[in-house]
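Each chain, written out:
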Amino acid sequence: MAEMAPEDGELRSPDDGELRRFFVGLAEGLTAAGESVDRVQAIMQEVAAAYGAPETNFAVLPTMIMVQTGEATDTRVAISSRVRSSLRFDQIAELSKLLRRARDGTVDPVEGIDELNAIGESTPRFGWPLRVFGHGVLTLGLALMLFPSWQGAAIAFALGLLVGLLKLLRSPTLALIFPVVAAFISSLVVFLLADALGISDPLRVLIAPLVTFLPGGLLTTGTVELAAGQMVAGTARLVTGFVQLALLAFGILAAGTLVGIDGYSYMSSDSERLYLWWVPLVGLVLFAAGNHLHFSSPPRTFSWVLLVLVVAYGGQLLGGVVFGADLSGFFGALLMTPLVLWIDSLRRGVPSQLTFLPAFWILVPGSAGLIGLTEVFGADANDQDLSSALTTVIAIALGVLIGTAAYRSIRYGAQEIGNFHIDLPGVVAPLKPGTPGSWKRVFRRGQ
């Protein structure tokens, strides 16, 4: 094991129990930050090697972490099934700083556990008024990017403030039904005001205040995990993502049924939009600023997030011109993914989750799916609407996969695929006399 240097200057070697708990905590944090399970395993193997424990095994699922340390004859396992659902952006940034030190093996495991607990118990950088205002601003920014009318943008901003205020409530029971409640309230307001204010496309107005509930990252991460061979985790995330989309669609349909709107009112249209060229640019800046405030992002992340948003949105526009709206997200994801990974690799960069999630939301994987589901169930639409929504999600996930593969190939080169191998137990494993491992095993047998 790597030796740690405590505050008194004396060197000490951490025991397996301390390392196991520290490794479990780091893996929990990475999972709560939204990393794919294959990525969590790869990162944790680097950390384990830095602490002189390359034989450590990790089993990672979206809701469970298992860490096995020790040799084949004397193994210990630590399990945690209390993985948090998500971390704030400021917590992810602090976790990234701790992880960089852990990759160098310079963090005492006990002190690292204390730091992890401090990150989990930390309060947001901004107070609740700024966070609520930030949600309203990011909602307004997305509304301007979706080209609604001025009336629609104003309604979206007001609903963004309301949803941001409701999100302050911390209740495990409410968290399960909150997407439905938020979609129902927002839809009820929009449908009641649509005729009075002349809103011709209420569905697009609804997407903006519900954007932070859209599972774009969840669906894309699940697809990436399936491509990496992580069938359990990938399937679980995809099912969860589609269920969340269905809940949002149910909230919209419930409000429409209560108001008594006709099926055609669920269909998206292109009339009476703001086609001024500078409106989307203003929306991008507002969307980045709103994300910064609502998620309490560190100060240095704003410029990076804005850069990724511009690249993703530009790629989406280019793809829309060349191949149409269904595949436009592919080009946005393809261009922004290497940029996100490059920023994450910089010494003074920012974690990939802080730039990925906002980009996912403007690439509209979730919003296209939500519109598609609502049109399928609420209007006289055919299966082509649903398949179009699924094509959008798959196209963005494919763009992320290709972008990731291209970046890693350029940065790290081709990696040789490891052979299938299982370590034999010490009682039957061949020993080479005079090696440190042989003396350790003989000593343990003597015990």
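Refer to the preceding data block for the structure.
The rules behind the values
Residues numbered from 1 in each chain as written. Predicted model: local features only at pLDDT ≥ 70, side-chain atom pairs only at ≥ 80, totals over all residues. Heavy atoms only, no water. Axes fitted to C-alpha atoms, helices over the stretch in contact; angles between N-to-C directions. Helix = DSSP H or I, 4+ residues; strand = E, 2+ residues; numbered from the N terminus. Parallel < 35°, antiparallel > 145°, perpendicular 65-115°, else oblique. Left-handed = near helix turned anticlockwise from the far one by under 90°. Contact = heavy atoms within 4.5 Å. Nonpolar A, V, L, I, M, F, W, Y, C, P; charged D, E, K, R; others polar. Phe/Tyr/Trp six-rings, centres within 6.5 Å; stacked < 30°, edge-to-face > 60°. Buried < 20%, exposed > 50% of the residue type's maximum accessible area, 1.4 Å probe, protein only. Lys NZ or Arg CZ within 6 Å of the ring centre and 35° of its normal. Salt bridge = Lys/Arg side-chain N within 4 Å of Asp/Glu carboxyl O.

Novice: So what's going on with the packing of helix α5 (residues 128–145) against helix α6 (residues 150–166)? Which residues, and what values?
Specialist: Interhelical geometry of α5 versus α6 gives an angle of 150° and a closest axis separation of 7 Å. On the basis of the axis angle, α5 is roughly antiparallel to α6. Two packed elements cross with a definite hand, and for α5 against α6 that hand is right-handed. In contact with Trp128, Val132, Phe133, His135, Gly136, Val137, Thr139, Leu140, Ala143 and Leu144 of α5, α6 contributes Trp150, Ala153, Ala156, Phe157, Gly160, Leu161, Val163, Gly164 and Leu165. A per-class count over the contact of α5 with α6 returns 14 nonpolar, five polar and no charged.

Novice: A description of the packing of aromatic side chains should follow, citing residues and the corresponding values.
Specialist: To describe a pair of aromatic rings, one takes the distance between the centres and the angle between the planes. Counted according to the given criterion, the structure contains 11 aromatic pairs. Between the aromatic rings of Phe22 and Tyr51, the centroid separation amounts to 6.0 Å while the plane-to-plane angle is 75°, which identifies the pairing as edge-to-face. In this pair, Phe22 sits in helix α1 (residues 16–32) while Tyr51 sits in the loop between α2 (37–50) and β1 (57–61), placing the two residues 29 residues apart along the sequence. Exposure class is identical for Phe22 and Tyr51. Each is buried. With a centroid separation of 5.2 Å and 85° between ring planes, the pair formed by Phe330 and Phe331 is classed as edge-to-face. Residue Phe331 is classed as partly exposed on the basis of its relative accessible area, which comes to 21%. Of the aromatic side chains, those joined through ring pairs into one cluster are Phe22, Phe23, Tyr51 and Phe58. Between Lys167 and the ring centre of Phe213, over which it is positioned, the NZ or CZ distance is 5.6 Å.

Novice: Could you give me a rundown of the pattern of salt bridges, with the residues and numbers involved?
Specialist: For the coordinates displayed, the defined rule picks out five salt bridges. Residue Arg88 is joined to Asp90 by a salt bridge in which the shortest nitrogen-to-oxygen separation is 3.0 Å. Its relative accessible area of 19% is what places Arg88 among the buried residues. You can call Asp90 buried: its relative accessible area is 7%. Between Lys97 and Glu94 there is a salt bridge, and its shortest N-O distance comes to 3.5 Å. Within this pair, Lys97 and its partner Glu94 are both found in helix α3 (residues 89–103), separated by three residues, close to a single helical turn. By relative accessible area, which is 41% here, Lys97 ends up partly exposed. Relative accessible area serves as the criterion here: at 39%, Glu94 is assigned to the partly exposed category.

Purely geometric stuff here, so don't read any function into it on its own.
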